[in-house]
Amino acid sequence: MAALVVGCLFTGSFVLADGTAVFASGERIEEAAIKALSVDRDGVEGVLVVDGEERELSGLVRWGEPRAAVTRTAVVLEDGSRLVCDRPWSPAGLARVDEATVRLRRGKGWVDFPRESVAWLLLTPEAVGLDVERLPSVDVVDGEDVVLLVGGDRLIGRVDSLTNDTLRLVVADEAIDTPLESVAALRLSGVNEEPTEAKCLVGLADGSLLQADELTVANDSFTAKASGAVVTGEAATLALIQPLASGVRYLSDLEPVDYRHTPYLDMPWPYTRDGGLRGGPLVGGGGRAAKGIAMHTAARLVYRLDGSPQRFQAEIAVADPEPGAAATGSVSFRVYLVKEGKFEPANEGYVMRVGEAARPIDIDLAGAAALALVVDFADDGDAGDDALWLDARLVSVE
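Presented here is a report on the structure given in the accompanying data block.

### Side note on the pattern of salt bridges
- Across all of its chains, the model carries 24 salt bridges by this definition.
- The salt bridge involving glutamate 78 is made with arginine 187; its shortest N-O contact spans 3.8 Å. Of this pair, glutamate 78 sits in the loop between strand 6 (74-77) and strand 7 (82-84) while arginine 187 is found in strand 16 (residues 183-187), placing the two residues 109 residues apart along the sequence.
- Residue class for glutamate 78 comes out partly exposed when judged on its relative accessible area of 26%.
- Through salt bridges that share partners, Arg28, Glu30 and Glu315 make up one connected network.

Written out as structure tokens, the structure is:
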């Protein structure tokens with residue numbers, strides 16, 4: 001597995017814009033700039049600038065946070081990554097599709113994705129009410145794609161090509177041409193292969209979010225490699241750098257040994273990973289997160305621990321209400337550890353209400369065989385009780 005490199009030996013005046021830096025030690029710095037950074041499987045090294053002073057950077061969990069995606073032409077990959085076009089219009093068009101490649105206009109050229117890695121190509125998503133952060137489930141058959149038209153109709157066949165003015169769809173060996181202005185989105189059949197292990201999450205100011213195999217930041221630009229594509233841009237547009245290694249394991253990447261939900265009335269809720277309970281991103285407590293767990297009251301989620309020295313860290317919050325919904329929601333958050341076969345409380349528990357700032361928690365897991373996350377009713381039954389464990393993670397302790 002190749003090492004991920006973010007930055008290089010610093011030789012110029014380049015500094016990434018201020019952002020919040022979160023560390024495995026539990027330290028949180030609200031206004032920090034990254035001057036130089038390198039990340040590989042062995043850890044994180046670099047230079048952080050705080051109040052004009054430089055300091056060594058190690059144990060970085062996350063710098064910055066993901067942003068809401070703007071509504072533009074975009075590519076969504078099978079692994080959930082998304083890349084938004086950096087302009088609303090171009091005389092040469094914003095996207096191309098051929099037998100092997102999906103292309104998206106960005107910067108001075110094109111970003112080329114292997115076609116089998118692409119799930120969606122959104123052209124005018126607003127025309128059919130699509131949101132790149134909460135796309136619907138659309139069944140596709142191997143070798144056949146779904147075309148969503150501006151008027152709401154759907155066509156099914158194999159997309160042969162998409163140019164700056166025409167979509168060609170092959171249906172029963174017959175080619176059908178459709179003006180591009182009539183096409184809202186394509187759901188491509190893709191290939192549901194086991195995804196490769198990403199090394200870093202890279203977020204941009206326009207809401208793009210990539211699971212990158214490699215990221216390089218140098219001087220005033222960046223280069224990210226994701227799913228066979230190379231994405232470049234101005235370093236000032238970076239909004240999130242989140243290494244996915246360095247002694248940190250996210251609960252959303254692990255399998256629990258038990259999940260139980262007790263409905264307030266009779267509606268069961270699953271838990272969700274790296275996304276909200278209602279299909280959107282993890283948003284609450286005044287921020288966003290790309291990693292985390294969402295649960296609805298009352299529920300318990302249990303993870304087995306391997307006995308190594310580690311800590312559990314997260315930020316707890318109640319999810320922001322959906323647009324137009326009442327601002328309700330109050331949740332009691334508790335953490336239990338299983339020791340000698342018994343559940344023992346690991347903290348005093350906190351009642352969080354919608355709109356309140358996220359609260360960090362940091363718990364020593366020494367001697368525990370399992371970790372249990374518990375959310376319960378607080379003020380008003382279960383109305384709006386979407387509980388978020390943002391960036392919920394196990395951090396190795398040396």
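More follows now that the structure is in view.
### Describing the packing of aromatic side chains
- Under the counting rule described, the total for this entry stands at 4 aromatic pairs.
- Relative to tryptophan 389, the ring of phenylalanine 312 lies with its centre 6.3 Å away and its plane at 50°, an arrangement referred to as tilted. Of this pair, phenylalanine 312 sits in strand 30 (residues 310-318) while tryptophan 389 sits in strand 36 (residues 386-396), and the two are 77 residues apart along the sequence. By the burial criterion, phenylalanine 312 is buried, and tryptophan 389 matches it.
- For the ring pair phenylalanine 333 and tryptophan 389, a centre distance of 5.2 Å and an interplane angle of 75° mean the geometry is edge-to-face. Of this pair, phenylalanine 333 sits in strand 31 (residues 330-339) while tryptophan 389 is found in strand 36, placing the two residues 56 residues apart along the sequence.
- Of the aromatic side chains, those joined through ring pairs into one cluster are Phe312, Phe333 and Trp389.
- The ring of phenylalanine 23 has arginine 55 sitting right over it, with the charged end atom 5.4 Å from the ring centre.

Parameters at a glance
Residues numbered from 1 in each chain as written. Predicted model: local features only at pLDDT ≥ 70, side-chain atom pairs only at ≥ 80, totals over all residues. Heavy atoms only, no water. Salt bridge = Lys/Arg side-chain N within 4 Å of Asp/Glu carboxyl O. Helix = DSSP H or I, 4+ residues; strand = E, 2+ residues; numbered from the N terminus. Buried < 20%, exposed > 50% of the residue type's maximum accessible area, 1.4 Å probe, protein only. Phe/Tyr/Trp six-rings, centres within 6.5 Å; stacked < 30°, edge-to-face > 60°. Lys NZ or Arg CZ within 6 Å of the ring centre and 35° of its normal.

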